[in-house]
Each structure stands twice: as C-alpha cells, then as structure tokens.
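# Descriptive structure summary
The primary structure of each chain is shown beneath.
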Number of protein chains: 2
Amino acid sequence: MATISAETDYIQPAVTADTALFSVRGGELVALTVRREREPFAGWWALPGDYIRAEEALDDCAARALAEQTGLDAIYLEQLYTFASHYPGRWGRVFNVAYFALVPFAAVSPRNDENIAWQALSRLPRLAFNHEDILASARRRLAAKIEYSALALGLLPEVFTLAEVQAVYEAIKGERLDKRNFRRALLALDQLEVTGEKRQSGAHRPARLYRLREPSNLGIIG
Amino acid sequence: MATISAETDYIQPAVTADTALFSVRGGELVALTVRREREPFAGWWALPGDYIRAEEALDDCAARALAEQTGLDAIYLEQLYTFASHYPGRWGRVFNVAYFALVPFAAVSPRNDENIAWQALSRLPRLAFNHEDILASARRRLAAKIEYSALALGLLPEVFTLAEVQAVYEAIKGERLDKRNFRRALLALDQLEVTGEKRQSGAHRPARLYRLREPSNLGIIG
C-alpha cells in the first residue's frame with residue numbers, strides 16, 4: 001500500500017486510529033476487543049479501529065471506528081501514542097495512532113454480539129497486527145497515570161471503602177499494593193471525603209465509607 | 001502529495017516527526033527553531049523536523065532531523081502528540097508526530113548558524129505550517145508535566161535556592177506562582193535535600209541551598 005514518491009524518498013503510508021478501551025470487571029482489568037471478519041487476520045481479535053478517511057480528524061476516526069464496531073459512543077478517548085509498523089510487501093508502512101479510555105464497567109454496553117468481547121489482560125488471546133504492543137503500552141500509560149490523577153476513582157460506586165479503591169488500583173497495575181503506602185498516596189490526591197458512615201463486611205472491623213469530593217470532575221474520562 | 005487508493009476510501013498521507021526543544025534562558029522559556037531555506041514557507045522559522053523515510057522509526061526520524069538541522073544529538077526526545085493537517089490541493093494530508101524535550105541551556109550547543117535560533121515563547125515569530133499549534137500544545141504538556149515530576153529540576157545548577165527553582169517553574173508556566181504553595185508542592189515531590197549551606201543575595205536574608213537527592217535520575221530528559 002505504501003508508495004514512494006518519485007521526487008523524494010519519503011513515503012506515503014496508511015494511518016489508522018485504534019482504541020484501547022479499559023474497564024475493571026470482577027477485580028480484573030479488561031479491554032474491549034472485536035473479532036475481524038475480513039483478511040488480513042480474519043477471525044482474530046483486534047482493538048476497535050480503522051483507517052483514517054480523507055479529511056477526517058484523528059479523534060473522529062477513533063470515535064467512528066469504536067461506534068461502528070462496538071456500538072459505543074460518547075466516550076472521551078485520549079490520544080496515547082503513535083506506533084510505526086512496516087510490513088514489507090504486504091501493506092507497507094502503517095502508522096497506528098492509539099487512543100485509550102478507562103470506563104466504569106456498568107456504564108457502558110457494547111452491542112450484544114459474539115464478535116465483541118471484553119478480554120481480561122491476564123488471559124489475552126493473540127491480537128491482530130501490532131495490537132498486543134499497543135495494548136501493553138496503553139496499560140503502562142494507564143498504570144502510570146492513575147498514580148498522579150483521580151482517573152481510577154471514576155470506576156467506583158457512589159460510596160466505597162478504601163479497600164475497594166485499592167482493589168481497583170491493583171487490578172489496573174496487575175500487582176498487590178502495600179496498604180499503608182497506598183492509603184497515604186491516595187489520600188494525598190485530596191479527592192476523597194468521609195461520609196461518616198461505615199460498612200461491615202464479613203468478620204472484619206466496619207470500614208469507613210468515602211465518596212468523591214468533586215464527582216462532577218470524574219465519570220467517564222480517559 | 002496525498003493520494004486516494006482506487007480500492008478504498010482511505011488515504012495515503014505524508015508523515016513527519018517534528019521537535020519542540022525547550023530550555024530556559026535568562027528566566028524565559030525558549031524553543032529551538034530553524035529557518036527554512038526552501039519552499040514551502042521559505043525564509044520562515046519552523047521546528048526542526050522532516051518527513052519520515054521508508055522503514056525509519058519515528059523516534060529515529062525526529063532525532064535525525066534535529067541532528068541534521070541543528071547539530072544536536074544525544075538528546076532524549078519524548079513523543080508528545082500526533083496532529084493531522086489537511087492542505088487541499090497543496091500537500092494533501094499531513095500527519096505531524098510531535099516530539100519534545102526540556103534541556104539545560106548551558107548543556108546544549110546548536111550549530112553556530114544564523115538560521116538556527118532559540119526563540120522566547122513570549123516573542124515568537126509566525127512559524128511555518130502548523131508549528132505554532134504544535135509548540136503551544138507542547139508547552140501545555142510541559143507545564144502540566146512539571147507539576148507531578150522532577151522534570152524541571154534537570155535545568156538547575158548543582159546547588160540552588162528554592163527561589164531559583166520557582167523562577168524555572170514560572171518561566172515554563174509563563175505565570176507568577178504563590179511562594180508558599182509552590183514550596184509545599186515542590187518539597188512534596190521529595191527530590192531535594194538541604195546542603196547545610198546558605199547563600200546571601202542582595203539585601204535578602206541568606207537562603208538555604210539545596211541539591212537534588214538523586215541527580216543521576218535527571219539531567220537531559222524529556
């Protein structure tokens with residue numbers, strides 16, 4: 001597909017926008033995938049995405065592909081990184097502009113279709129093209145971003161315990177966190193306030209319930 | 001330059017890597033620019049950058065253009081954002097993959113050439129193509145990034161006062177900062193340690209001198 005101009009040695013590649021849409025389901029980080037109908041990689045799972053059309057904006061391309069392929073719209077997608085691939089003799093040069101978002105699982109309903117599925121990052125099948133690399137890079141960015149922002153708090157219910165917040169962070173980072181260090185860093189974000197209520201869970205001491213200080217700043221954000 | 005495939009409606013655009021290289025000189029944020037010799041935009045200032053070559057990696061393209069056009073190499077460039085432009089009937093579709101870095105002014109020496117210049121962001125000339133937009137976006141990212149990282153501390157001399165740190169932050173952000181809030185946030189980054197020495201400056205009280213806790217983590221970083 002890539003052609004080389006006769007006048008210069010620069011190339012005319014294909015450009016796609018591809019989306020890593022993350023959520024947490026049952027304590028696990030999951031990403032939305034779609035099964036490809038056509039070659040190349042027919043039958044493989046892939047990230048939602050498409051080639052950019054003439055005059056289409058990159059953000060619009062990512063949103064269009066997600067809507068067409070999964071039925072989801074009105075999700076704020078953030079541009080992540082641009083990957084360059086080279087497929088000699090096949091499609092030539094392809095640039096993937098990757099987008100990502102983190103959404104509350106209950107708040108999004110992809111089209112009910114066996115070719116659309118949330119996949120746990122810990123049990124991911126092989127993905128088409130370079131989409132495994134894109135997804136791994138998006139997860140690293142996500143894990144870094146939740147350290148210094150309130151991003152992950154958008155996944156929580158209206159009131160929650162600090163243990164529930166820790167479980168969300170552990171799902172995203174894919175590792176256990178030290179309870180004391182986690183709580184100190186979390187409270188330093190200054191996004192939570194105590195409700196004054198407590199919740200009993202099993203044989204544990206009742207745990208304080210918290211809520212977000214400014215819920216309007218959160219919600220579905222990338 | 002862009003052509004539309006006969007088989008599909010996606011396009012084959014041009015892709016460039018362009019670099020916003022920032023530093024602080026005399027209390028001002030500056031960016032490195034090069035004057036274009038050729039059309040289009042002959043004689044205009046622009047960011048260092050070039051079209052990507054066949055099989056070239058994006059990072060390599062940005063580094064090559066910077067080295068060829070300014071003589072600078074061995075600078076760690078971080079990918080920032082990809083911009084899509086459309087120039088109907090001229091060059092068609094162009095994607096600019098923007099890179100950026102923040103470097104200590106004394107540590108980098110571009111080639112001595114009247115067509116290579118550091119420009120103060122506050123007195124920027126018109127730039128070629130969409131490079132003003134790229135530079136403005138890179139500055140916003142830089143200003144956000146110094147809030148939660150030790151990035152800007154790489155611009156400081158071996159020992160320094162907190163007033164000197166504040167001056168660097170104010171230059172990058174382009175605004176005056178409240179001294180008390182700034183110092184509290186800065187010390188919370190946990191990157192500084194007192195040297196035990198003080199420095200007298202004018203009629204002010206002697207100011208404590210600080211140094212970086214782990215200077216090896218900093219230096220020339222993007």
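Rules used throughout
Residues numbered from 1 in each chain as written. Chains lettered and ligands numbered in written order. Predicted model: local features only at pLDDT ≥ 70, side-chain atom pairs only at ≥ 80, totals over all residues. Heavy atoms only, no water. Helix = DSSP H or I, 4+ residues; strand = E, 2+ residues; numbered from the N terminus. Contact = heavy atoms within 4.5 Å. Axes fitted to C-alpha atoms, helices over the stretch in contact; angles between N-to-C directions. Parallel < 35°, antiparallel > 145°, perpendicular 65-115°, else oblique. Domains from an automatic or database assignment. Buried area = accessible area lost by both parts, 1.4 Å probe. Salt bridge = Lys/Arg side-chain N within 4 Å of Asp/Glu carboxyl O. Polar contact = N/O pair within 3.5 Å; in protein donor to acceptor, adjacent residues only side chain to side chain. Phe/Tyr/Trp six-rings, centres within 6.5 Å; stacked < 30°, edge-to-face > 60°. Buried < 20%, exposed > 50% of the residue type's maximum accessible area, 1.4 Å probe, protein only.

Looking now at the environment of Glu114 of chain B. All names here are of chain B. With respect to the helices and strands, the residue Glu114 is situated in the loop between β8 (92-102) and β9 (116-120). Distance in space between the C-alpha atoms of Glu114 and Arg35 is 8.4 Å, their sequence separation being 79 residues. Among residues more than four places away in sequence, those in contact with Glu114 are Arg35 and Trp45.

A few words on the packing of helix α2 (residues 131-148) of chain B against helix α3 (residues 162-173) of chain B. Residues and elements named next belong to chain B. Taken N-terminus to C-terminus, the directions of α2 and α3 make an angle of 150 degrees; their axes are 9 Å apart at the nearest point. With respect to α3, the element α2 is oriented roughly antiparallel. Each of Arg139, Leu142, Ala143, Ile146 and Glu147 in α2 lies in contact with α3, whose residues at this interface are Tyr169, Ala171, Ile172 and Lys173.

All names here are of chain A. Looking at the assigned domains, one finds that chain A contains domain 1 (3-124) and domain 2 (148-217). Placing the centre of domain 1 and that of domain 2 at their C-alpha centroids yields a distance of 31 Å. Residue-level contacts link seven residues of domain 1 with six residues of domain 2. Here domain 1 and domain 2 share an interface that buries about 580 Å² over both sides, 83% of which is from carbon and sulfur atoms. Summed over the shared surface of domain 1 and domain 2, the number is zero salt bridges. Taken together, domain 1 and domain 2 are joined by zero residue pairs in polar contact (both at pLDDT 80 or more).

What follows covers the packing of aromatic side chains. Residue and element names in this part refer to chain A. Under the defined criterion, the tally for this structure stands at 10 aromatic pairs over all chains. Look at Phe105 and Trp118: their rings are 5.4 Å apart centre to centre, the planes differ by 55 degrees, and that puts the pair in the tilted class. With a gap of 13 residues between them, Phe105 in the loop between β8 (92-102) and β9 (116-120) and Trp118 in strand β9 connect regions that are remote in the sequence. Under the relative-accessibility criterion, Phe105 is labelled partly exposed at 30%.

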